[in-house]
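Listed here are the chains, written in short residue letters.
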Amino acid sequence: MIIEVSSTQHKECIEITDQVRALVVESGVERGLCHIMVLHATAAVVINENDDPNIGVDLITALDRAIPDHDGWLHDRIDNNAQAHIKAAILGPSETVQVRDGDLLLGTWQGILVVELDGPRSRRQVSVEIVPTAP
Amino acid sequence: MIIEVSSTQHKECIEITDQVRALVVESGVERGLCHIMVLHATAAVVINENDDPNIGVDLITALDRAIPDHDGWLHDRIDNNAQAHIKAAILGPSETVQVRDGDLLLGTWQGILVVELDGPRSRRQVSVEIVPTAP
Amino acid sequence: MIIEVSSTQHKECIEITDQVRALVVESGVERGLCHIMVLHATAAVVINENDDPNIGVDLITALDRAIPDHDGWLHDRIDNNAQAHIKAAILGPSETVQVRDGDLLLGTWQGILVVELDGPRSRRQVSVEIVPTAP
């Protein structure tokens, strides 16, 4: 199953918990693993709080301070987005969440976020696969 | 299955390999995937050596140098723990380990560690799910 | 299934997408999850572009700037490779990729890379497990 995500800023965090949850419910799987992966090399998927959306802003600020947008990156000679590739590799393109009682098993303050690192972009593809635990 | 972990310091690494291994043995699964996830947004799960516990100390020192505890984070206005959220998002809340011959498949120097980033806390919940590879 | 990887430099990224894909095809699994994990505490697995191999060089440069090779790490007193453990814990030892239509489901610019952080080393072991989605 594919979720499409669009971004409006160069870098931003976009919550997709509800869309992933809807796919889990639709699947009818009661117990198993749900894998969520963005199919791009300049975006990532993380799990964290989104009740205060400033946490996503702080995450991007912290990454930008440690890895400046332009700092002599070799890939910038070809395509001006080395920083997005570096940050995407560090954060990782996917997360796995357990399915329990037909729902995502997340802590109270955990949500699933796509991290856009080279936006704005339309139609970023996030693929979701749900593998049931055998009975 | 839930493992409960308590921390005694503001930040620390706590090994849980033995507790996870016990759940794998108890499950009777011979081959598959074991997913270990902390259900909190200010802690993480990583895999690394714990034979020298200073590796966990070095990991936290390195994260603290790159991402200072207080550095104008926006979320600190609401709750004074933005640094824990940022580090937890970068490390990630979960790891997956293969199950082979009824046991965790880890390298000689690999252990499973909970990284407390906003402690001390009692009863941090770590959920473990084991999905067998179909025969 | 084990893939063996050798490195020729202290730090480098080595693409293994083709070897993993061959194991997926060989398995005959049409749909599921493929888990790829390096069984060492001083190497990692990441997903990113390798069409421009400089992206891997930039990734290592960025990590080295944020986490210098020697910076008073406690583990260096025992074994002179604390930096490799720290970076390996941050990047993580494994990635999960979905299997769809009997093939790895990767974006156009996504490849699977082993990140050697304490080389050169021969015969680094990468274990691959493929769990099918139940029909």
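These numbers were taken from a predicted model, which means no experiment stands behind them.

## Some thoughts on the packing of helix α2 (residues 54–66) of chain A against helix α3 (residues 82–91) of chain B
Phase 1 of the analysis: α3(B) packs onto α2(A) with a crossing angle of 70° between their chain directions and a minimal axis gap of 9 Å. With respect to their mutual orientation, α2(A) and α3(B) come out roughly perpendicular. Of the residues in α3(B), those touching α2(A) at A:I55, A:D58, A:L59, A:A62 and A:L63 are B:A82, B:H85, B:I86, B:A89 and B:I90.
Phase 2 of the analysis: Among the residues making up the contact of α2(A) with α3(B), the classes are represented as eight nonpolar, one polar and one charged.

## So, the relation of the copies chain C and chain B
Phase 1 of the analysis: For the pair chain C and chain B, the best superposition has an RMSD of 0.0 Å and corresponds to a rotation of 120° with a translation of 0.0 Å parallel to the axis. Given the turn and translation reported, the copies of this chain are related as if by a three-fold rotation axis. For chain C, the minimum C-alpha distance to the rotation axis belongs to C:A66 and amounts to 3.6 Å.
Phase 2 of the analysis: By residue overlap, the copies meet through two different surfaces: only 11% of the interface positions of chain C are interface positions in chain B.

## Thoughts on the sheet that holds strand β5 (residues 94–100) of chain C
Residue and element names in this part refer to chain C.
Phase 1 of the analysis: Strand order in the open sheet formed by five strands is β1-β8-β3-β5-β6, with antiparallel pairing between adjacent strands. Each edge of the open sheet is held by one strand with a lone partner, namely β1 (2–5) and β6 (103–104).
Phase 2 of the analysis: Judged from the two bridges that link them, β5 and β6 form a sheet pairing that is antiparallel. Residue pairing in the sheet places V99 in a bridge with L104 of β6.

## Here's the deal with the relation of the copies chain C and chain A
Phase 1 of the analysis: Once chain C is rotated about the relating axis by 120° and shifted along it by 0.0 Å, it coincides with chain A to within an RMSD of 0.0 Å.
Phase 2 of the analysis: Little of the interface of chain C is mirrored in chain A: 12% of its interface residues are interface residues there too.

## Here's the deal with the interface of chain C and chain B
Phase 1 of the analysis: Taken together, the contact pairs 28 residues of chain C with 33 residues of chain B.
Phase 2 of the analysis: Taking both sides of the interface into account, the surface hidden between chain C and chain B amounts to around 2500 Å²; carbon and sulfur atoms contribute 59%.
Phase 3 of the analysis: At the boundary of chain C with chain B, the tally comes to three salt bridges.
Phase 4 of the analysis: At the junction of chain C with chain B, the criterion picks out 15 residue pairs in polar contact (both at pLDDT 80 or more).

Rules and cut-offs
For every chain, the first residue of the written sequence is number 1, and numbering continues from 1 along that sequence. Going through the entries in the order they are written, you letter the chains from A and number the ligands from 1. With the structure being a predicted model, the display of local features is reserved for residues of pLDDT at least 70 and the display and counting of side-chain atom pairs for 80 or more, all residues being used for whole-chain, interface and lining totals. With hydrogens and water stripped out, all remaining heavy atoms of the structure feed into the side-chain values. Throughout, an axis means a line fitted to C-alpha atoms (over the contacting stretch in the case of helices), and angles, computed between N-to-C directions, take values from 0 to 180 degrees. A run of DSSP states H or I qualifies as a helix once it reaches four residues; a run of E qualifies as a strand once it reaches two. Both are numbered from the N-terminal end. Note on terminology: angles under 35 degrees are roughly parallel, angles over 145 are roughly antiparallel, angles of 65 to 115 are roughly perpendicular, and the others are oblique. Should any heavy atoms of two residues lie within 4.5 Å, those residues are counted as being in contact. Under the convention adopted here, Pro, Cys and the residues Ala, Val, Leu, Ile, Met, Phe, Trp and Tyr are nonpolar, Asp, Glu, Lys and Arg are charged, and Gly plus all remaining residues are polar. Copy-to-copy superposition: least squares on the C-alpha atoms, limited to residues that have pLDDT of at least 70 in both copies. The rule for pairing is simple: two strands pair if DSSP sees at least two bridges between them. Accessible area that two parts lose when put together, evaluated with a 1.4 Å probe and summed over both, is termed the buried area. Any carboxyl oxygen of Asp or Glu within 4 Å of a side-chain nitrogen of Lys or Arg constitutes a salt bridge here. Counted as a polar contact is a pair of N or O atoms within 3.5 Å, where, for protein atoms, one must be capable of donating a hydrogen and the other of accepting one, and residues adjacent in sequence contribute only when both atoms are in side chains.

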